[in-house]
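Descriptive analysis of the structure
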Amino acid sequence: MISVRLSSKNDHRPWSVPGTCSGPGPSGALFLLGAITLLSSCSKPHKPVLAITHVTVIDATGSAPQPDMTLLITDQRIAAIAPSKSISIPRSAQILDATGKFLIPGLADMHLHLTGAGEPGGSREFFIPLLLANGITTVRDMGGDLKSLIPLRKEIEQGKRLGPQIFFSGPYLDGSPPSFQPSIVVTNAVEASEDVHSLIQRGVDFIKVQSILSRDAYFAIANVCRREHITFVGHVPDRVTAAEAADAGQKSIEHLTGVLRACSNDEPRLMREQFFSTPKKETPAQSHARQLAWQRELLRTYSDKKAAALIDKFIRNQTWQVPTLILLKKDAFPTPDSDPSQDVRRKYVPRHFLQGWEKGTQARDKGTTHAEFELRKALLAKSIQFAGKMQAAGVHLMAGTDSAAPYVFPGSSLHDELALLVQAGLTPMQALQAATKNPAEFLGNLQTQGTIEQDKFADLLLLDANPLVDIHNTEKISVVILHGKILDRNGLDGLLAAAEKFAAAN
């Protein structure tokens, strides 16, 4: 049971908060001076203090849980962390009694698409409520409409709307025809320079590359980004190898694009076959059969030696990975085992989105044989296994979902991703860090977020159970604290209800 109350007294323990009105009784000639000083200091308005008491802190640094701790939060930041028995709580503090609860940093989804939810209302009425209700306080938008993203970020930064901290790329840079919209087609070095500079001027945090880029355009983009000191991330284009992308300075690779192909002992042949000119008389069935044969070759030619060499290259180049295993499970390699037709989270998805998902799924799986489903299952298993190999070797991993891809539900799918990372072999602490400490480090913000430490922003989750015992316990959210502001269970349920209402009407 969580209780929030205003404390009625100040308990005089060894630790005290600067600025509280307390001190030894003055005497003699100093009395008047002391009284004037005290009145002067107390007349100044004090910043509100939130005290989270008697909580077990899991700070995501890798340290063991710290039981019976108290945190003081003021001015959006953690002012102090200490054992409950040794900390003094200001008289006016708001107290959150967290006995029996577990405190972790707010979560980061490092791959999603806010404006893929249908603008102008989708990001605000559908996506963001689901993110907050699931404890996500930071996001990396990996391709979206800047006309929506820029004002949305300003609304949140100015306190006009509750929402996660947003980092974004704006439109994709891709070849012709582009894979997705919004995209900017880049075919040569001149266009690369112009387009990267244009995006920088519009305030993007990084550049996102996509799959259809030519080799010349991709390496031109890499050169411009290096010269302009801006990060570029995204897919490994089909005509570029994963090793080349790492050498070119691509800071993160998404969805393991190009990675299994790079683990083949016959990668050049697989690349040639990927761009094999389709015979004029080839039927759709023949084309599909050729694609399946190519995927089987990915597995048949997989080489532990090649995989180890690729992992070493990722480590040397500090190439981060966002495997989005939940996307692979739900959209790239789905099987009847992951049938989403009965998922209760469907009620949060706008009806027109859900209809599109269902139509796409039916078209993709029509006529699928048992053997094809088994191939998908094997490709997913190999991808999950490889994510674990990278973590064990020292490659930096981050958690991301690619929401709102089909049946990758905004917010809650990040918890699914953490469970899949544990399935891959990560410890619960490592999985938790993939959504807390690691993203802050990647973004260059580890001094201010990502772990629970003094002076960092108070983006926190209060859980009913220990996530280090079972990673699924990250779903048992009692309270979200967003830059020091409390969203209790009633508030979180209100966000879910609002998203459900919007979904039913749209």
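What comes next is a walk through the structure. Everything quoted here is computed from the prediction, not taken from an experiment.

1. Some remarks on the overall build of the protein
Counting its secondary structure elements, the protein contains 17 helices and 18 strands. At 26 Å, the protein has a C-alpha radius of gyration in line with the 23 Å of a compact globule built from 506 residues. Dimensions along the principal axes, computed over C-alpha positions, put the protein at roughly 105 × 50 × 45 Å. Within the protein, the proportion of its 506 residues that are buried is 52%. Put simply, 73% of the contacts in the protein that link residues at least 6 apart link residues at least 24 apart. A total accessible area of about 22,700 Å² is found for the protein, and carbon and sulfur atoms account for 54% of it. Seen as two clouds, the 54 positive and the 51 negative side-chain charges of the protein have centres 1 Å apart.

2. Describing the packing of aromatic side chains
Taken as a whole, this structure holds nine aromatic pairs when the rule is applied. Between Y407 and F409 the ring centres are 6.4 Å apart and the planes differ by 70°, which places this aromatic pair in the edge-to-face class. Judged by its relative accessible area of 5%, Y407 is buried. Residue classification places F409 among the buried residues on the basis of a relative accessible area of 2%. Here the aromatic cluster, defined as three or more aromatic residues joined through ring pairs, consists of F126, F127 and F353. For the cation-ring pair, R140 lies above F206, with the distance from its terminal atom to the ring centre recorded as 5.7 Å.

3. Notes on the side chain of K456
Summarising the element assignment, K456 is placed in the loop between helix 16 (437-442) and strand 16 (460-463). The class of K456 is buried, set by a relative accessible area of 5%. Excluding residues within four positions of it along the chain, K456 makes contact with Q76, R77, I78, L446, Q447, T448, Q449 and T451.

4. Quick word on the sheet that holds strand 8 (residues 136-141)
What the three strands build is an open sheet, ordered 7-8-9; its pairing is parallel. Edge positions in the sheet fall to strand 7 (107-112) and strand 9 (165-168), since each of these pairs with one other strand and no more. The mean angle between the axes of side-by-side strands here comes to 15°, regardless of whether they run parallel or antiparallel. As judged from the four bridges shared by strand 7 and strand 8, these two strands associate in the parallel manner. Bridge assignment links A108 to a residue of strand 8, and that residue is T138. Together, strand 8 and strand 9 form the strand contacts of helix 3 (residues 146-157), whose direction differs from that of strand 9 by roughly 150°.

5. Re the packing of helix 2 (residues 122-133) against helix 17 (residues 489-505)
Helix 17 packs onto helix 2 with a crossing angle of 145° between their chain directions and a minimal axis gap of 9 Å. The chirality of how helix 2 crosses helix 17 is left-handed. Along the contact surface, helix 2 presents G122, E125, F126, P129, L130, L132 and A133, while helix 17 presents L492, L495, L496, A498, A499 and F502. The class makeup of the residues in the contact of helix 2 with helix 17 is eleven nonpolar, one polar and one charged.

6. So, helix 4 (residues 189-201)
Every α-helical turn comprises 3.6 residues, leaving residues that sit three or four positions apart pointing alike. Compared with the 18 Å implied by 1.5 Å per residue over 13 residues, the 18 Å span of helix 4 between its first and last C-alpha is a close match. By the burial criterion, the buried members of helix 4 are A192, D195, V196 and L199. Each buried residue of helix 4 sits inside an arc of 100° when the element is viewed along its axis, so together they form one side. Seen from the open side of helix 4, the exposed residues pointing more than 90 degrees away from its buried face are V190, E194 and Q201. Looking at the buried side of helix 4, the elements it contacts are helix 3, strand 10 (172-174), strand 11 (183-185), strand 12 (207-209) and helix 5 (215-228). Its side-chain oxygen at 3.1 Å from the backbone nitrogen of V190, N188 defines the N-terminal cap of helix 4. The positive-phi residue at the C-terminal boundary of helix 4 is G203, with phi of around 95°.

Conventions adopted
Residues numbered from 1 in each chain as written. Predicted model: local features only at pLDDT ≥ 70, side-chain atom pairs only at ≥ 80, totals over all residues. Heavy atoms only, no water. Helix = DSSP H or I, 4+ residues; strand = E, 2+ residues; numbered from the N terminus. Rg over C-alpha atoms; globule rule 2.2 N^0.38 Å. Buried < 20%, exposed > 50% of the residue type's maximum accessible area, 1.4 Å probe, protein only. Contact = heavy atoms within 4.5 Å. Areas by Shrake-Rupley, 256 points an atom, 1.4 Å probe, with all protein chains shown as cover. Lys, Arg positive; Asp, Glu negative; His and termini not counted. Charge placed at Lys NZ, Arg CZ, Asp CG, Glu CD. Phe/Tyr/Trp six-rings, centres within 6.5 Å; stacked < 30°, edge-to-face > 60°. Lys NZ or Arg CZ within 6 Å of the ring centre and 35° of its normal. Pairing = 2+ DSSP bridges. Axes fitted to C-alpha atoms, helices over the stretch in contact; angles between N-to-C directions. Left-handed = near helix turned anticlockwise from the far one by under 90°. Nonpolar A, V, L, I, M, F, W, Y, C, P; charged D, E, K, R; others polar. Expected span 1.5 Å × (residues − 1). Arc of directions from axis to C-beta. Polar contact = N/O pair within 3.5 Å; in protein donor to acceptor, adjacent residues only side chain to side chain.

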